[in-house]
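Coordinate inspection notes
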Amino acid sequence: MKLKRRRRLVTYLNILDQPIRFNPFVFSRKFILWAVLGLFGGIIASVYWIILEFLTHQLAFFEGWLVIPTMAICGLLAGLIIHLIGDSGEIHLIVNNIRFNKGKLNPKNNPAMVMSSLLCIASGGSLGPEAPLVQVTGSTGTWLGKLFRFKGEDLRSMSIAGMASGFTALFGAPLGGSLFSLEILHHKYAVEYYKAIIPAFVASSFSYIIFAIIVHLGIGPIWNLPAYEMQDKFDFGYAVLFGIAATFVGWLFIFCTKFFKTAFGKLSVPIYIKTTLGGILLGLIVFYLPITRYFGHHEINELLVGDFSLQLLIAILVFKIIAIAITVTSGWRGGFIIPLFFCGATLGLIIHQFVPSISLALTIVSCMAAINACVTRTPMSTTILLATLTGFTYFIPILFASLTGYFLAPRIPFISSQMENSET
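Residues numbered from 1 in each chain as written. Predicted model: local features only at pLDDT ≥ 70, side-chain atom pairs only at ≥ 80, totals over all residues. Heavy atoms only, no water.

**Quick look at the overall build of the chain**
Heads up, the rule is: Only DSSP runs of H or I covering at least 4 residues are called helices, and only runs of E covering at least 2 are called strands; the numbering of each starts at the N terminus. For the exposure calls, accessible area comes from a 1.4 Å probe over protein chains only, and a residue counts as buried if that area is under 20% of its type's maximum, exposed if over 50%, partly exposed in between. What makes two residues a contact is simply this: any of their non-hydrogen atoms within 4.5 Å. Residue-level accessible areas treat just the shown protein chains as cover; the underlying method is Shrake-Rupley with a 1.4 Å probe.
Secondary structure summary: the chain contains 17 helices and zero strands in total. Expressed as a percentage of its 424 residues, the buried residues of the chain come to 56%. Taking the intrachain contacts of the chain between residues at least 6 apart in sequence as the baseline, contacts between residues at least 24 apart amount to 81%. With the model as given, the accessible surface of the chain reaches about 19,500 Å², and the carbon-plus-sulfur share is 68%.

Below you can see the structure in the form of structure tokens.
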């Protein structure tokens, strides 16, 4: 016993003799770079959002039948930008670059992405600013990493942290935005690049602060769902049932997108012709159903406070799905996450007409979660994002619905680069 005690004493003395150091993981050059990247991401997102809001208000003047030529002209201009400057690609290209291009996102695609997406989103296309922001902030992370000669996982982590700062600025959810930037890159059933989680958290936190200060957006819930209190143990079962219904709509969206992708793919014309044609079709939908205009950030609240008939809600859901599919496949630029949330909210209102005794908040948030998880395969981050955006404080029903959408999703993912053999 005396020998063991002496050994312990020697061990403790050796530990005490070591010089006191700050934690190298926290107080390091990398931490400062992640913070700086978050600051850049917040500033970039703020400038983008301010310009987008300005253009949106200017183009909102053109309504009624004028929306058709307005969206056609904006589609033409966006197509010309892509044709002349370069194709910025879609979200699958970002995922592929992270996975197979050593985590490098090329900044040369940013001008075309920014200018074309601003026109597409501001004029009323059914895609949101998440994809452009992720491309720009992610490539900023790549640039900053190269500037300090990062390689391998360090460089990839900088790109992912940049992506997270872009997601966070838009959604106002540092935790959800960080997880989404990782989960969207997932491979089969595993989240890859978990080493980037702390860089993503740090960059997201700083991006959130800057964006909130400049734009005053993202503080608190942005969609005003009715208050919810769990009163029945079967609420989790209801969340699964609503999730199944929303997953069916997710499948419908995927098939609709593939149909229009095939249709536009058969047109052997320059991209600016396709974007113009897409603008005309979108303008026609918006002319008859004005609430389908834009990507849904403000329109979800219009749905919640409006008094829509069942027939009108069904029409809104069907034509919003068509509008998103046309926007995605005709060459218009943007992201489809918030538009999918809009579809989920519409479906929730439809279901509530049949089962009004069940909480409206539970119905809507379950549908929103499942449809997004079905299409993007991001159940964890979808759960956290929706809890933040809606103020729905009970995570478990949202998680049940998200997992339902995830496991009932098509075997072949909508984002093709999530496939196991997508590099081929």
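**Notes on unusual backbone geometry**
With a phi close to 75 degrees, Tyr294 is a non-glycine residue in the positive phi region. Topologically, Tyr294 is positioned in the loop between helix H11 (271–288) and helix H12 (299–305). The exposure class assigned to Tyr294 is buried, which follows from its relative accessible area of 13%. A positive phi angle is found at Arg377, which is not glycine, with a value near 60 degrees. According to the relative accessible area criterion, Arg377 is buried, its value standing at 14%.

**Observations concerning the packing of aromatic side chains**
To describe a pair of aromatic rings, one takes the distance between the centres and the angle between the planes. This is how the line gets drawn: Planes of paired rings set the category: under 30 degrees apart is stacked, over 60 is edge-to-face and the rest tilted, where pairs are Phe, Tyr or Trp rings (Trp by its six-membered ring) whose centres lie within 6.5 Å. Either the NZ atom of lysine or the CZ atom of arginine qualifies as a charge over a ring when it sits within 6 Å of the ring centre and within 35 degrees of the ring normal.
Counted under the stated rule, the structure contains 10 aromatic pairs. Measuring from centroid to centroid gives 5.5 Å for Phe61 and Phe62, while their planes differ by 80 degrees, and the two rings are edge-to-face. Residue Phe61 is classed as exposed on the basis of its relative accessible area, which comes to 63%. Three or more aromatic residues joined by ring pairs make a cluster, and in this case those are Phe167, Phe171 and Phe180. A cation over a ring is seen here: Lys320 above Phe342, with NZ or CZ 5.1 Å from the ring centre.

**What about the environment of Phe255?**
Counting through the fold element by element, Phe255 comes out in helix H10 (residues 235–265). Along the backbone, Phe255 and Phe414 are 159 residues apart, and their C-alpha atoms lie at a distance of 9.6 Å.

**A look at the environment of Ser165**
Secondary-structure assignment places Ser165 in helix H7 (residues 152–171). Once the C-alpha coordinates of Ser165 and Ser207 are considered, the two residues, 42 residues apart in sequence, prove to be 5.4 Å apart. In contact with Ser165, other than residues within four places in its own chain, are Leu37, Gly38, Gly41, Thr137, Ala203, Ser204 and Ser207.

**A short note on a nonpolar patch on the surface**
The cut-off we apply is this: Each patch is assembled from residues with relative accessible area greater than 30% and no salt bridge, linking like charges that lie within 9 Å and nonpolar side chains (Val, Leu, Ile, Met, Phe, Trp, Tyr) that lie within 5 Å. By convention in these notes, a salt bridge is any Lys or Arg side-chain nitrogen within 4 Å of a carboxyl oxygen on Asp or Glu.
A grouping of Phe40, Ile43, Val47, Ile50, Ile51, Trp143, Leu147, Phe148, Ile209, Ile213 and Ile214 is seen on the molecular surface, where their side chains present a nonpolar patch of about 970 Å² in accessible area. For the nonpolar patch, the secondary structure elements donating two or more residues are helix H2 (29–59), helix H6 (130–147) and helix H9 (197–215). Among the elements that make up the nonpolar patch, the one with the highest residue count is H2 (five residues).

**Remarks on the packing of helix H15 (residues 360–376) against helix H16 (residues 379–390)**
Put simply, the rule reads: Angles run from 0 to 180 degrees between N-to-C directions of axes, and those axes are lines fitted to C-alpha atoms, restricted for helices to the stretch in contact. A clockwise turn of the near helix away from the far one marks a right-handed crossing, whereas an anticlockwise turn of less than a right angle marks a left-handed crossing. In this classification, Asp, Glu, Lys and Arg are treated as charged, Ala, Val, Leu, Ile, Met, Phe, Trp, Tyr, Cys and Pro as nonpolar, and every other residue, Gly included, as polar.
Following both chains from N to C, one finds H15 and H16 inclined at 145 degrees, their axes separated by 10 Å at the closest point. For the pair H15 and H16, the crossing hand works out as right-handed. Here H15 contributes Val365, Met368, Ala369, Asn372 and Ala373 to the contact with H16, which in turn contributes Pro379, Thr382, Leu386 and Thr390. Residue classes in the contact of H15 with H16 are distributed as six nonpolar, three polar and no charged.

**Describing the packing of helix H13 (residues 310–329) against helix H14 (residues 337–354)**
Heads up, the condition is: Roughly parallel here means an angle under 35 degrees, roughly antiparallel means over 145, roughly perpendicular means 65 to 115, and every remaining angle is called oblique.
Remark: H13 packs on H14, axes separated minimally by 10 Å, with the N-to-C direction vectors making an angle of 160 degrees. Relative to H14, H13 is oriented roughly antiparallel. In the crossing of H13 with H14, the sense of the turn from one axis to the other is left-handed. Here Leu310, Leu313, Ile314, Ile316, Leu317, Lys320, Ile321 and Ile324 of H13 come into contact with H14, specifically with Pro339, Leu340, Phe342, Cys343, Thr346, Leu347, Leu349, Ile350, Gln353 and Phe354. Of the residues contributing to the contact of H13 with H14, the split by class is 15 nonpolar, two polar and one charged.

**Things to note about H9**
For clarity, the cut-off: Expected helix span is computed as 1.5 Å times (number of residues minus one).
Taking 1.5 Å of rise per residue, the 19 residues of H9 would be expected to cover 27 Å, and the 26 Å separating its terminal C-alpha atoms lies within 8% of that figure. Of the surrounding secondary structure, the elements contacted by the buried residues of H9 are H2, H7 and helix H8 (174–183). The positive-phi residue at the C-terminal boundary of H9 is His216, with phi of around 60 degrees.

**Here's the deal with the environment of Ile364**
Note on placement: Ile364 falls in helix H15. Residues Ile364 and Ile350, spaced 14 residues apart in sequence, show a C-alpha to C-alpha distance of 9.3 Å. With residues near it in sequence (within four places) discarded, Ile364 still touches Leu225, Leu304, Gly344, Ala345, Gly348 and Leu349.

That's the geometry; what it means functionally is another story.
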